[in-house]
Structures are given as C-alpha cells and as structure tokens.
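Listed here are the chains, written in short residue letters.
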Amino acid sequence: MEPGSSSTEKFYRIPKGKGPHSVGCTDLMTENAVEGSFLRLYYPSCSGTDNEEAPWIPDKEYYQGLSDFLNMYRVVGERLFQYYVGSVTCPAKSNAAFKLGEKYPLLIFSHGLGAFRTIYSAICIEMASQGFVVAAVEHRDESASATYYCKKKSISEPQEESTSGLEKEWIYYRKLKAGEEERCLRHKQVQQRAQECIKALNLILKINSGEEVTNVLNSNFDWNSVKDSVDTSRIAVMGHSFGGATVIESLSKEIRFRCGIALDAWMLPVGDDIYQNSVQQPLLFINSEKFQWADNILKMKKLSSSDTNKKMITIKGSVHQSFPDFTFVSGGLIGRFFKLKGEIDPNEAIDISNHASLAFLQKHLSLKKDFDQWDSLVDGIGPNVIPGTNIDLPPAEPE
C-alpha cells in the first residue's frame, strides 16, 4: 500500500500497550461546570472483556477546534479529519472492568498546545499496560483545540439529545490577540494547568479513599472499583510541550508529585520564580531532535544545573509530533509534509521515550519492576538516543 494513502483503518494504528496488563479507559467529568475536572483515565483492566475499543477523537467539535488551531476553514478541516481519522480507535477498551488486586502508581498527564485528553493514547496506554493508573487531563485554559463542560439546559430547549437535562458548552482554542504578549498569556495558562493537574490528583485520591464522586458523563464504569487501588505514595506527572512546562509548574507547587517527565518541553510559560530552586523533585527531559533551540535548552539547563536527578536526553531523527498519536495515523507522505513523522520509525521513537520514562519512574518511585533494564536510555546511551542535546549552545559565561 502506498504511504500517504487515505485508508488509515488497517494499515495505520495507534500501538497497543506492550506490558503485561490489558488496558481500559473511561472519561470522568465532575460537577461545578468549568471549575470542575475533566480527564480520561487509562488503567489496567480485566482481560477477555468484550467491550469495544474507545473512539480516538470522540466529538466532531474536536475536528473544528483542530481546524481553528491549524488555521483551516472548519468545514474543510472537519471533512478532512473525518475522512482520514474518523474511524480510528485507540487500543484501550471503553469502560472495561478495573483490574483489582494491586496498588498501582498514579501518573497525571498534561497535553500540549492545541491538543486534548485523548491524543496521547500511545503513551498513556503503554504506561497503563505496565501497571500505572494514568489520568490524562483535558485543560480548560483555552489552550486545548477544544474542550467542554456540561451545563443545565434552559427550559425552552428541546430535550431530544439526552434525558439528563445537560448540554455541552464548548470552549475552543484562544489565539493571541493583536499586540498581546505571548509569555504573559502562557504563564497565566500554565498556572491554571498546574492547578488542574493537582485537582485531578486530588480527585483520583478521593475516589481511591472510597468517597462518592458524581460523573456528569453517562458511563457504566464502576468508579467504586478503583477504591484502594492507587499507591498514594507513588505519584508522578508527565506532559508534552506546553504540558512539559505544566509538569515543571506542577512539581514546584505540589510535593506529592515525586518526579516528573517533560516531553519536548516548551519553556516559555515557566515563570522566573521557578528557577530559584523551587523544583526539588527528579525531572527527566526527553527532547526531539528537530524542535528544540538554544534559548529553550538553556532554560532547561538552568533548572537542572548541578542536580544529578535532573536528566536530559534527545531522540535522534524525532520531531515535536513524535509524541502525540498523529504520528501513527498518518501515512508517510502526509506525515512528512505536516512534520508529524521524523526520520526515525514512529514506533521506535515512542518505545525509546516510554522505556526511558519507565526506567526513570522505577528509580524515583522505588518500583519493584524490571524497568531498570532501560536505565542506560536515561543516560542517553543506546541506539538513536544521545545524552543532553543536539543543539549547539553558546559557551557558558563565567560566574
């Protein structure tokens, strides 16, 4: 089959988890409208379930938001996305029964600019297959392509869509206004994003302790089954791009996050105060070869100078979009044209990233697993990985 062909269904798939656990996923939205939490939970599930795989992009409004973000006409973008990826599912069973009998470490995941909760499923599913509970937050700071909350329908509106009396209120990506300083907006957003990560952490811990939580989304997932299944002493935070900056902000604000992983972090949103020793926890930067630039790398180094628990590696041949799922569902020609694929095979790039992450998490969450087989990757040793950065940096100025 020709690369770039339109039939994504059989030939281009988001990779399944490689760990010992089957994986389920379910969506959770709490009350309090825009102030509440919205997340997709990926978790170890009972095998042999006949639940269907979850849809990858669950609403057409996400296509509209992606179109806005990419400066395409909505009507054109929606048709294109529907045609190319409308039938794509993610390899996690929707609302599958939660696998009991273990306490799983918890990972909070933060998406990048113009993304949303479902499109890092390759990473989240791999982590869940290896025994993590993963809460992928959907941010409501107007940095997602689209997101929504549920509000009560006004009396005058017809009730045909659902009997719940709720309707979706959509929030779309906000572009910079003319003359607006980007750093100011992004810093404000990253603070909200960190609070949303902490809120998600509190929510999962509340469920773990057996408290009743109302899910305003209709689903048949049994949230009571999650009780006593999270290892509350082993919690980490992970994110991509703007989500990488969110990881740093979250670590500085919340000591319960024992370590963090920043995938191709975009450092602009990080506040100046964060560099003054406010991130004490271990932190792993996993960078792509093609996205980074000197000023951004220097900010990472400023954050991690003289701390051996803060590491940086670069995946050779990778691009910024090697981390989200689009790299797996685009053919070769389209993938290269839109920079969704690098020179490295997308599966190899995501394996390097996931293996380095697992090794780092084992060390800093004190896990008794076999992820230490990938310890060398954390030091940048192995095929298609280098320690530090590929970017030429200016010589360090004397103190």
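Higher on the page you've got the structure.
Report on the accompanying structure. Small disclaimer: the values here were computed from a predicted structure and weren't measured.

## Focus: the overall build of the protein
So, step 1. A tally of helices and strands in the protein yields 11 helices and 13 strands.
So, step 2. Oriented by its inertia axes, the alpha-carbon framework of the protein measures out at about 70 × 50 × 45 Å.
So, step 3. The proportion of buried residues among the 399 residues of the protein is 57%.
So, step 4. Accessible surface for the protein amounts to roughly 17,500 Å². Of this, 50% is attributable to carbon and sulfur atoms.

## Re the pattern of salt bridges
So, step 1. One pass over the full model with this rule turns up 23 salt bridges.
So, step 2. Where Lys 310 meets Asp 307, a salt bridge forms, and the shortest distance between an N and an O atom there is 2.8 Å.
So, step 3. Residue Lys 310 is classed as buried on the basis of its relative accessible area, which comes to 7%.
So, step 4. Linking Asp 379 and Lys 311 is a salt bridge whose minimum nitrogen-to-oxygen distance equals 2.8 Å. Taken together, the residues Asp 379 in the loop between helix H11 (375-378) and strand S13 (385-387) and Lys 311 in strand S12 (residues 310-315) connect sequence positions 68 residues apart.
So, step 5. Its relative accessible area of 26% is what places Lys 311 among the partly exposed residues.
So, step 6. Linked by salt bridges that have partners in common, Asp 27, Arg 40, Arg 117 and Glu 138 make up one network.

## A word on the sheet that holds strand S6 (residues 133-137)
So, step 1. With mixed pairing, 11 strands are arranged side by side in an open sheet as S3-S4-S1-S2-S6-S5-S9-S10-S11-S12-S13. Every other strand in the sheet has two partners, leaving strand S3 (53-55) and S13 as the edge strands with one partner each. On average, adjacent strands in this sheet sit at an angle of 30° to one another, irrespective of strand direction.
So, step 2. Against the sheet, helix H7 (residues 294-304) engages strand S11 (283-288) and S12, with an angle of about 165° to S11.

## Brief notes about the environment of Arg 193
So, step 1. Note that Arg 193 resides in helix H5 (residues 182-208).
So, step 2. Once the C-alpha coordinates of Arg 193 and Phe 242 are considered, the two residues, 49 residues apart in sequence, prove to be 9.4 Å apart.

## Re helix H10 (residues 346-365)
So, step 1. With 20 residues, H10 extends 28 Å from end C-alpha to end C-alpha; this agrees with the ideal 28 Å at 1.5 Å per step.
So, step 2. With 16 of 20 residues buried, H10 is to be regarded as a mostly interior element.
So, step 3. Backbone nitrogen of Asn 347 and a side-chain oxygen of the N-cap are separated by 2.8 Å at the start of H10; the cap is Asp 345.
So, step 4. Once H10 finishes, Ser 366 follows within two positions and takes phi at roughly 55°, a positive value.

## Some points on helix H3 (residues 74-85)
So, step 1. Compared with an ideal rise of 1.5 Å per residue, which puts 12 residues at 16 Å, H3 spans 16 Å between its outermost C-alpha atoms and is within 8% of the ideal.
So, step 2. For H3, every residue scored as buried is listed here: Gly 77, Phe 81 and Val 85. All buried residues of H3 project into a common sector of 30° when viewed along the axis, lining one side. Exposed residues pointing more than 90 degrees away from the buried face of H3 are listed as Val 75, Arg 79 and Tyr 83.
So, step 3. Taken together, the buried residues of H3 touch helix H2 (60-69) and helix H8 (326-329).

## A look at the packing of aromatic side chains
So, step 1. Evaluated as defined, the whole model comprises 18 aromatic pairs.
So, step 2. An angle of 80° between the planes, with centres 5.4 Å apart, marks the rings of Phe 291 and Trp 293 as edge-to-face.
So, step 3. An aromatic cluster of three or more residues is present, and its members are Phe 38, Tyr 62, Phe 116, Tyr 148, Trp 170 and Tyr 172.
So, step 4. Lying over the aromatic face of Tyr 172, Arg 74 brings its terminal NZ or CZ to 4.2 Å of the ring centre.
So, step 5. In this arrangement the basic side chain of Lys 302 is found over the ring face of Tyr 275, its NZ or CZ atom lying 4.9 Å from the centre.

What counts, and at which threshold
Residues numbered from 1 in each chain as written. Predicted model: local features only at pLDDT ≥ 70, side-chain atom pairs only at ≥ 80, totals over all residues. Heavy atoms only, no water. Helix = DSSP H or I, 4+ residues; strand = E, 2+ residues; numbered from the N terminus. Buried < 20%, exposed > 50% of the residue type's maximum accessible area, 1.4 Å probe, protein only. Areas by Shrake-Rupley, 256 points an atom, 1.4 Å probe, with all protein chains shown as cover. Salt bridge = Lys/Arg side-chain N within 4 Å of Asp/Glu carboxyl O. Pairing = 2+ DSSP bridges. Axes fitted to C-alpha atoms, helices over the stretch in contact; angles between N-to-C directions. Contact = heavy atoms within 4.5 Å. Expected span 1.5 Å × (residues − 1). Polar contact = N/O pair within 3.5 Å; in protein donor to acceptor, adjacent residues only side chain to side chain. Arc of directions from axis to C-beta. Phe/Tyr/Trp six-rings, centres within 6.5 Å; stacked < 30°, edge-to-face > 60°. Lys NZ or Arg CZ within 6 Å of the ring centre and 35° of its normal.

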